[in-house]
Every structure is written in structure tokens, then in C-alpha cells.
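# Survey of secondary and tertiary structure
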Amino acid sequence: MTRVLVVDDEPQIRRSLRTTLAANGYVVHEAGNGEEALAATAAEVPDLLVLDLGLPDMDGTEVIRRLREWSDIPVIVLSVRDRQDDKIGALDAGADDYVTKPFGLGELLARIRAAQRRSTGGSETAPVLVFGELTVDLDRRRVLVGGGQVHLTPTEYRLLETMVRHPGKLLTQRWLLQTVWGGAYGDESNYLRVYVRQLRQKLRDRADAPRFILTEPGVGYRWLPDPDPPPG
């Protein structure tokens, strides 16, 4: 189920959105200010943010800027501000869409579905990825090795999902830390090494003969797009 974080300082707006979104199959979390939103995003990793700009501790545009330093989850701005400059500022900061208050709930639901389709490459159902004996079902959040299900912790799964969504790309330690653990992280490479080692064990991968996770010494890691990469 899609997890939506609603960020608004008005409790009645949050209650209304929670009721509507939950009735349409979404799991809803709430935040009343920018710092709560950033902390909740780092901890829970929602699938989408519905964000007001007029927050008590910081402008919503600043929330978007800070979020975009380490996350690319869709953000839909929901604001009473209807000036073109406000819309351009939010979109330039990294928002995916902009809806002005008062708004129609049907329109907002349509915008959410559209943002989901864009973030999953044109389909609301995330793909099933196969790498040799490894299968990663991103929609059901299931991992199979040799046909048997592998049980991962939430952090292990987020790390795996982040890697398999960028096959062949060099992923730096800092980028992985900020994407998986949150924007407050970046230098805790020991966290990353521990979880990569655990993930390798569960996927039956080996650092000295990698089939999935290739270490780029001093830089980061690369998810191998082919199950049996050539040596070298």
C-alpha cells in the first residue's frame, strides 16, 4: 500500500486528507511542521509527500530543497498561495506538482496517481526485477533467492531497493547513507559496511566474487546489472 505523508499545520486539513486518502487505500502519516516532515521522511520513507508551504518553522519550499538533497520521492504541494512566483519557486526546488487551496479531493487523488506513475516509470505497479537466482518484487516488497523467500530488515530492504533501482551506476557512500538512512547521515560509513555485509550474506553474494554488489574501494558500491559479470 502506498504510504503518504501529509504535512500541514492545520489539524482539520490533516484529518480531512487522512480520511479521504485512507478510504482510497493509502496509508497516511502526518507532520505539522517542516522539521517533523524531514524527520518522518528519513525514518519512515513514505512513497509520496503532500506538502503545505505555510509551515510554522520553515517555508515548504525549504523543506523541498532539503529533501531533494537526499531523496527523490514525489512531492505534491498543496497551498493557498496561488501566485506564479510561489508555484515556480516550489517546482524549481523539486516539487512534482502544485495544487492550490481550496481544492477538489478528486483532483488531488488524480494528481497523486499521476505522481505515482511517474515515479515508477509509468505504472502504479512497481516492477519485478530478476538478477539470476535473485528476484526482487518491488510492488510486494518480496525478495527471493533460488525460489526461497529472504527475510530482510526494513533498512536492509531499503538499501537493496535503492541499489537495484540504479543498476550499473556507481553509488557513493554518502549518497547511499543519505538516501537510506536520511539527510542527517553521510559520514557514518561503518553503518553502510555493516548492512552491505549483512545483505551480501542473505543474498548469497561474496565480496571477493560479487554477483550483485560490487565494492568500489574508497568510493561506494555498484549494483551489477548482469548476474554473472565478466572478471576484471
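Because the structure is a prediction, the values reported are computed rather than measured. (Residues numbered from 1 in each chain as written. Predicted model: local features only at pLDDT ≥ 70, side-chain atom pairs only at ≥ 80, totals over all residues. Heavy atoms only, no water.)

This part covers the nonpolar core. Among the nonpolar cores identified, the biggest contains 26 residues, and Leu-134, Leu-160, Met-163, Leu-203 and Trp-223 are the most heavily contacted of them. Mapped by element, the contributors of at least two residues to this core are β7 (134-137), β8 (142-145), α6 (154-164), α7 (173-180), α8 (189-203) and β12 (220-223). Take this core: its biggest share by element is 5 residues, from α6. Once residues lying within four places of it in the same chain are set aside, the contact partners of Met-163 are Leu-171, Leu-176, Val-196, Ile-213, Tyr-221 and Trp-223. (Core = buried A, V, L, I, M, F, W, Y, C linked by side-chain atoms within 4.5 Å. Buried < 20%, exposed > 50% of the residue type's maximum accessible area, 1.4 Å probe, protein only. Helix = DSSP H or I, 4+ residues; strand = E, 2+ residues; numbered from the N terminus. Contact = heavy atoms within 4.5 Å.)

Quick look at the side chain of Ser-79 now. Along the chain, the position of Ser-79 falls in strand β4 (residues 75-79). Within the structure, the side chain of Ser-79 is placed 3.0 Å from the backbone nitrogen of Arg-81, a separation counted as a polar contact. Leaving out residues up to four positions away in the same chain, Ser-79 has contacts with Asp-52, Leu-53, Tyr-98, Val-99, Thr-100 and Lys-101. (Polar contact = N/O pair within 3.5 Å; in protein donor to acceptor, adjacent residues only side chain to side chain.)

A few words now on the sheet that holds β4. Spatially, 5 strands are ordered β2-β1-β3-β4-β5 in an open sheet, and the strand pairing comes out parallel. Looking at the sheet topology across the chains shown, the edges are occupied by β2 (27-31) and β5 (97-100). For this sheet, the mean inter-axis angle between neighbouring strands, taken without regard to orientation, is 20°. Helix α4 (residues 84-93) contacts β4 and β5 of the sheet and is inclined by roughly 150° relative to β5. (Pairing = 2+ DSSP bridges. Axes fitted to C-alpha atoms, helices over the stretch in contact; angles between N-to-C directions.)

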